[in-house]
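Survey of secondary and tertiary structure
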Amino acid sequence: MARLELRNLHAEVAEGDEKILEGVDLEVESGEIHALMGPNGSGKSTTAKVIAGHPAYEVTEGEVLIHLDANEFGSDVDIDDDQRTWNILELEPNERAALGVFLAFQYPAEIEGVTMTNFLRTALNAKIEEREELFEGADEDDEEAGFESSPMEGPQDDGEVGVAEFQEILAEKMEQLDMDEKFARRYLNAGFSGGEKKQNEVLQAAILEPSVAVLDEIDSGLDIDRLQDVSNGINALRDEQGTGILQITHYQRILDYVEPDHVHVMLDGKIAKSGGPELAEELEDKGYDWVRDEVYGTA
Ligand code: ADP
Ligand code: MG
Ligand code: MG
């Protein structure tokens, strides 16, 4: 089990003192789907960017913790502790990714001449290498025993996933996500439609197998067919690899396809209300002002 925990998170604009987040508390466990909803400007994207370590924001108070049970360390790590906790605010973005926190926008939007396949293999190997560094010293015996590569055995002894091995992983994931194999041969994001970019995000998450994925407005601008494809992919992340999902969305629509276990409403940089899936439907009927009235007692 893994758990991402935002504890009393306060953040402001780095260049200035405008406060945006004013005490966000939120926990997402692997295997759970949480919807983070709220009106425009309430601080949803800032929450995602702070988790990712975006330099535009300065955390002034609070923590972002990742708790990993021993089984989440991966088969490549054998250490004695039952659980470990990191405050990821102290870590570089790639270290956060190595600990199983996935944020799509940490990847460049477009790089010339790189195929999806190469990009994804590079991202996976970067994660594996970063994990080795993070867990180095956790078990000194690893060195002598020979580091076991993961998730599948390959010919490399340094844990890196080779080309042939990666093709197998990719084929399996693309089948799982019901994606056309032609996709992988295309160049990174070049000429991808909005919907295809969103599908790429889900594919990246499928390859990296994060403990928790933060998806910010992955539903925006999708037609109904693509929304269904992307939603099926998100459900597969949870069902096939136990990824916890923090689904940030302004609209209720995607929640018809990706049913959340928990729904949170953000207002003015705080979680103002939490509930089950019925809360999303209430929001669709009544809008966000109703929550504001309930929380602040004013119209
Ligand atoms: P949401 O995603 O819920 O629409 P955001 O997190 O994008 O909201 O923004 C929350 C508030 O913080 C908004 O008022 C926005 O204008 C402000 N804000 C966000 N990022 C910046 C920034 N880099 N500089 C100045 N203001 C910002
Ligand atoms: Mg500042
Ligand atoms: Mg936003």
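Residues numbered from 1 in each chain as written. Chains lettered and ligands numbered in written order. Predicted model: local features only at pLDDT ≥ 70, side-chain atom pairs only at ≥ 80, totals over all residues. Heavy atoms only, no water.

Looking up the protein chain in an unreviewed UniProt entry gives the name ABC transporter ATP-binding protein, with the organism given as Natrarchaeobius halalkaliphilus.

1. Comments concerning the overall build of the protein chain
When helices and strands are tallied, the protein chain shows 10 helices and 10 strands. Going through the 299 residues of the protein chain one by one, you find that 50% of them count as buried. Of the contacts made within the protein chain by residues no fewer than 6 positions apart, 71% connect residues no fewer than 24 positions apart. (Helix = DSSP H or I, 4+ residues; strand = E, 2+ residues; numbered from the N terminus. Buried < 20%, exposed > 50% of the residue type's maximum accessible area, 1.4 Å probe, protein only. Contact = heavy atoms within 4.5 Å.)

2. What about the sheet that holds strand 10 (residues 270–275)?
Strand order across the open sheet formed by 6 strands is 6-7-8-3-9-10, with mixed pairing between neighbours. Each edge of the open sheet is held by one strand with a lone partner, namely strand 6 (101–103) and strand 10. Strand after strand, the sheet turns through a mean of 20° between neighbouring axes, direction not considered. Sheet topology note: the strand 3 (residues 33–37)/strand 9 (residues 262–267) ladder contains 4 bridges and is parallel. (Pairing = 2+ DSSP bridges. Axes fitted to C-alpha atoms, helices over the stretch in contact; angles between N-to-C directions.)

3. Some remarks on the coordination of the magnesium ion (ligand 2)
The magnesium ion (ligand 2) binds to the protein through Glu12 (OE), Gly16 (O) and Glu58 (OE), with metal-donor distances spanning 2.3 to 2.6 Å. Here the donor residues of the magnesium ion (ligand 2) are spaced in sequence according to E-x3-G-x41-E. Here the residue Gly16 occupies a position in the loop between strand 1 (2–13) and strand 2 (19–29), and Glu58 occupies one in strand 4 (residues 57–69), the gap between them amounting to 42 residues. The exposure class of Gly16 is partly exposed, given its relative accessible area of 42%. Looking at Glu58, the relative accessible area reads 36%, which means it is partly exposed. (Donors = N, O, S within 2.8 Å, 3.2 Å for Na, K, Ca; no water.)

4. Quick word on the environment of Arg3
Along the polypeptide, Arg3 turns up in strand 1. For Arg3 and Glu32, which are 29 residues apart along the polypeptide, the C-alpha to C-alpha distance reads 9.7 Å. When neighbours within four sequence positions are excluded, Arg3 is seen to be in contact with Glu27, Val28, Glu29, Leu65, Ile66 and His67. Only 2.9 Å separates the side chain of Arg3 from the side chain of Glu27, close enough to count as a polar contact. (Polar contact = N/O pair within 3.5 Å; in protein donor to acceptor, adjacent residues only side chain to side chain.)

5. Brief notes about the site of ligand 1
Within the structure, ligand 1 sits among Val13, Glu18, Ile20, Pro39, Asn40, Gly41, Ser42, Gly43, Lys44, Ser45, Thr46 and Tyr57. Ser42 is positioned such that a nitrogen or oxygen atom in its backbone is 3.2 Å from an oxygen atom of ligand 1. A distance of 2.6 Å is found between an oxygen atom of ligand 1 and a side-chain nitrogen or oxygen belonging to Thr46. Computed on the free molecule, ligand 1 has an accessible area of 550 Å², of which 64% lies beneath the protein chains in the complex. Per-element tally for the shell around ligand 1: the top contributor is helix 1 (residues 44–52), with 3 residues. Across the shell around ligand 1, the residue classes tally to 4 nonpolar, 6 polar and 2 charged. (Near = heavy atom within 4 Å. Areas by Shrake-Rupley, 256 points an atom, 1.4 Å probe, with all protein chains shown as cover. Nonpolar A, V, L, I, M, F, W, Y, C, P; charged D, E, K, R; others polar.)

6. Looking at unusual backbone geometry
Trans peptide bonds make up most of the peptide bonds, and negative phi angles are found at most residues other than glycine. Of note in the backbone geometry, Glu209 takes a positive phi value of approximately 45° without being a glycine. Mapping Glu209 onto the fold places it in the loop between helix 7 (194–208) and strand 7 (212–216). Note on Glu209: relative accessible area 37%, which makes it partly exposed. Here Glu217, not a glycine, exhibits a phi torsion of approximately 50°, which is positive. Relative to the assigned elements, Glu217 resides in the loop between strand 7 and helix 8 (224–241).

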